[in-house]
Amino acid sequence: MPTPRHLLWPPLAVLALLGLAALLLSVTLGSAALSLADVWAVARGEGSPLARTLILDLRIPRSLSAFAVGGLLAVAGALMQVLLRNPLADPYVLGLSGGASVGALAAMLAGLGGAVITGSAFAGAFLSTLLVFGLAHGTGSWTPSRLLLTGVVVAAGWGAVITLMLAISPAERLPGMLYWLMGDLSYSRSPWPPLALLLVICLLLMPLGRSLNVMARGPLQAAALGVNVRPLEWTIYVVASVLTATAVTTAGSIGFVGLVVPHMLRLVLGNDQRLILPACALAGGTLLVLADTLARTMIAPEQLPVGVITALLGVPTFLYLLYRSR
Amino acid sequence: MNRLDIRELVIDVPGRRDGRALTLSVEPGQVWGVLGPNGAGKTTLLHTLAGLRGPRAGQVLIDGRPLAALGRRQVARKLGLVFQDRHDGFPATVRETALIGRHPWLSAWQMEGGEDLRLAEAALERLDVDHLAERLVSTLSGGERQRLAIATVLTQAPQIWLADEPTNHLDLHHQSAVMALLAEQAAEGRAVMMCLHDLNLAARWCDHLLLLYPDGEACWGPARDMLVPAALERLYGQRLATAEIDGAPVFVPVK
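Report on the accompanying structure. (Residues numbered from 1 in each chain as written. Chains lettered and ligands numbered in written order. Predicted model: local features only at pLDDT ≥ 70, side-chain atom pairs only at ≥ 80, totals over all residues.)

### A word on the overall build of chain B
Reasoning step 1: Helix and strand counts for chain B come out as nine helices and twelve strands.
Reasoning step 2: If one aligns the C-alpha atoms of chain B with their principal axes, the spans along those axes are about 55 × 40 × 35 Å.
Reasoning step 3: Across the 255 residues in chain B, those meeting the buried criterion constitute 43%.
Reasoning step 4: Put simply, of all contacts in chain B between residues at least 6 apart along the chain, 68% involve residues at least 24 apart. (Helix = DSSP H or I, 4+ residues; strand = E, 2+ residues; numbered from the N terminus. Buried ≥ 20, exposed ≤ 12 C-beta atoms within 10 Å, placed from the backbone. Contact = placed C-beta atoms within 7 Å.)

Below, the structure written as structure tokens:
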């Protein structure tokens, strides 16, 4: 439904409240459980030094990172799905995450760290973007099926390169690399850059929402209704690449968020991108915060990679929703 | 002015020689029919006129301004196209599908307002699909989808109508209703051009005809000059019997 403006806010408000609740939950749960009273004390600037360190330096940054990464991945997935008019599209399927992973792993393999890994992952994601869009375009048409197939093949290629890198890398680096490949938030540093990016992108996408709705009807129909199709397609792809690369460099490669969250939201809220995109940011964030909380607590003090949790949550949910919608 | 000028236009049909360049004007109040066998380039022509693909040569002018110099949004405010094929991406209701016709008229930050909704509802009612407003497009029949596509362009409210086989999938009553709607648009001062397969609809409703031959040849002019049995028989490679019913010529294929 083209949602009237006053109807946009209730679902977003509900999702925002759910997100806050999830963040609060993630702060109280962990290897050392804290009560809400402890959290409240720290929030007022009191509480024990241990609780302060635990909450302010460890849990809050990690939870905010999880929120940002989940939001980024869900928005990137929703954009890809509009671009390809295919609800199964996602940055992972199109090989963006693969490219970012190869970039990051190459930096790790070379023994480099920090900003170099980030930059290298960005480079990998953009190389993947150019490769997929360049090859899919070729001399002929730029059809969604061709794009999707190219993406799948390129992703498979990156998968092989990743396996090769793992095979030749020294044994002591393997655990870090593997955890990172499965998605792990314990390496994430400041949550503010990805959070800021998420907010900026959501605001930038707002005026494009209706054009995206028309794009979802196919490029010819969109062009006939006054959309500059090719520039918009490139904008979507570049924005989705930036979102994915940021998510991957923050937390490694986490699957299914970009696929499951937009799909679930579309089943409930319809397909107006002006509602779906901000809703994806909130719901994707909430999902990953909960998943990361589970990953930290399920076999505490050991931690699971959060990618395992998203897959375990995502796959059955997706199948169930798909089954119910028939 | 609501006119479409076609100057020395050669459409780009892959693997076909240029043939005869088209030079004609679709003026306000005129209803043009484009006739030709399968693969003669009717759809390609309409897409070229709408600026969705480039011509091999020549140019198209809307109100005297070259199509290439106009932005997509300006073109969409002037010219609407009823597509022959439609693709379902994501599920959408009939009402929201009609409402996308307002896209060229709204600024980026604007939401569809009451006036837009009213136009969409009126268009759905005019095409006799208002009772389906809440239904998902994917659940409609072929004819209902066709009427929805026309309702979407009616919501867009262009001054120049291009319609690719607007009577496809329609029952007899709705065929007549759609042709009457297009004729009414022309009578209100808009320019109309449509591709048709049904010679008899063309003979009854169009005042000008463009015949496209598969080899790139073409001829055009007032309908009464174009509806010559010999020319039509050559166009379709089919013998025709002719009669006159209700003041219009009727063509029936014979064995």
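### Comments concerning the overall build of chain A
Reasoning step 1: The helix and strand inventory of chain A stands at 14 helices and zero strands.
Reasoning step 2: Counting helices and strands in the order they occur from the N terminus, chain A gives α-α-α-α-α-α-α-α-α-α-α-α-α-α.
Reasoning step 3: With respect to the three principal axes, the spread of C-alpha positions in chain A is 65 × 55 × 35 Å.
Reasoning step 4: Counting over 326 residues, chain A shows a buried share of 50%.

### Details of the pairing of strand E11 (residues 240-245) of chain B
Residue and element names in this part refer to chain B.
Reasoning step 1: Little of E11 sits out of view: just zero of its six residues are buried.
Reasoning step 2: Bridge count for E11 against strand E12 (residues 248-253) is six bridges, and the pairing is antiparallel. Opposite Thr 242, over in E12, you have Phe 251 as the bridge partner. (Pairing = 2+ DSSP bridges.)

### Here we look at the sheet that holds strand E6 (residues 79-82) of chain B
All names here are of chain B.
Reasoning step 1: Strand order in the open sheet formed by six strands is E6-E7-E8-E3-E9-E10, and the pairing between neighbours is mixed. Edge positions in the sheet fall to E6 and strand E10 (218-222), since each has one partner strand and no second. Each strand axis lies, on average, 15° off the axis of its neighbour in the sheet, ignoring direction.
Reasoning step 2: Pairing of strand E7 (residues 160-164) with strand E8 (residues 191-195), which is carried by five bridges, proceeds in the parallel orientation. Bridge pairing links Asp 164 to Cys 195 in E8.
Reasoning step 3: Across the sheet, helix H6 (residues 172-187) touches strand E3 (31-35), E7 and E8, and the angle it forms with E8 is around 150°. (Axes fitted to C-alpha atoms, helices over the stretch in contact; angles between N-to-C directions.)

### Quick notes on the nonpolar core
Reasoning step 1: A:Val75, A:Cys280, B:Leu162 and B:Leu182 are the most contacted members of the largest nonpolar core, which has 165 residues in total.
Reasoning step 2: At 18 residues, helix H3 (residues 49-84) of chain A tops the list of elements feeding residues into this core.
Reasoning step 3: The contact partners of A:Cys280, leaving out residues within four places of it in the chain, are A:Ala74, A:Val75, A:Ala78, A:Val261, A:Pro262 and A:Leu265. (Core = buried A, V, L, I, M, F, W, Y, C linked by C-beta atoms within 7 Å.)

### So, the packing of helix H4 (residues 96-109) of chain A against helix H11 (residues 229-251) of chain A
Residue and element names in this part refer to chain A.
Reasoning step 1: The contact between H4 and H11 brings their axes to 9 Å, and the two run at 45°. Viewed along their axes, H4 and H11 adopt a mutual orientation that is oblique. Here H4 and H11 pass one another in a crossing that is right-handed. For the pair formed by H4 and H11, the contact residues are Leu 96, Ser 97, Ala 100, Ser 101 and Ala 104 on the first element and Ser 241, Thr 244, Ala 245, Val 248 and Thr 249 on the second.
Reasoning step 2: Its residues placed into classes, the contact of H4 with H11 shows five nonpolar, five polar and no charged. (Parallel < 35°, antiparallel > 145°, perpendicular 65-115°, else oblique. Left-handed = near helix turned anticlockwise from the far one by under 90°. Nonpolar A, V, L, I, M, F, W, Y, C, P; charged D, E, K, R; others polar.)

### Looking at the packing of helix H4 (residues 114-126) of chain B against helix H5 (residues 142-156) of chain B
Residue and element names in this part refer to chain B.
Reasoning step 1: Following both chains from N to C, one finds H4 and H5 inclined at 140°, their axes separated by 8 Å at the closest point. Judged by the angle between their axes, H4 and H5 are oblique. For H4 against H5, the interelement crossing comes out right-handed. Only Ala 151, Leu 154 and Thr 155 of H5 make contact with H4, whose side of the interface consists of Leu 119, Ala 120, Ala 123, Leu 124 and Arg 126.

### Some points on unusual backbone geometry
Reasoning step 1: With a phi angle near 75°, A:Phe256 is a residue other than glycine that sits in the positive phi range.
Reasoning step 2: Along the chain, A:Phe256 turns up in the loop between H11 and helix H12 (257-269).
Reasoning step 3: Even without a glycine there, the phi angle at B:Glu8 is positive, about 45°.
Reasoning step 4: For B:Glu8, the location among the structural elements is in strand E1 (residues 4-10).
Reasoning step 5: C-beta crowding within 10 Å serves as the criterion here: with 11 such atoms nearby, B:Glu8 is assigned to the exposed category.

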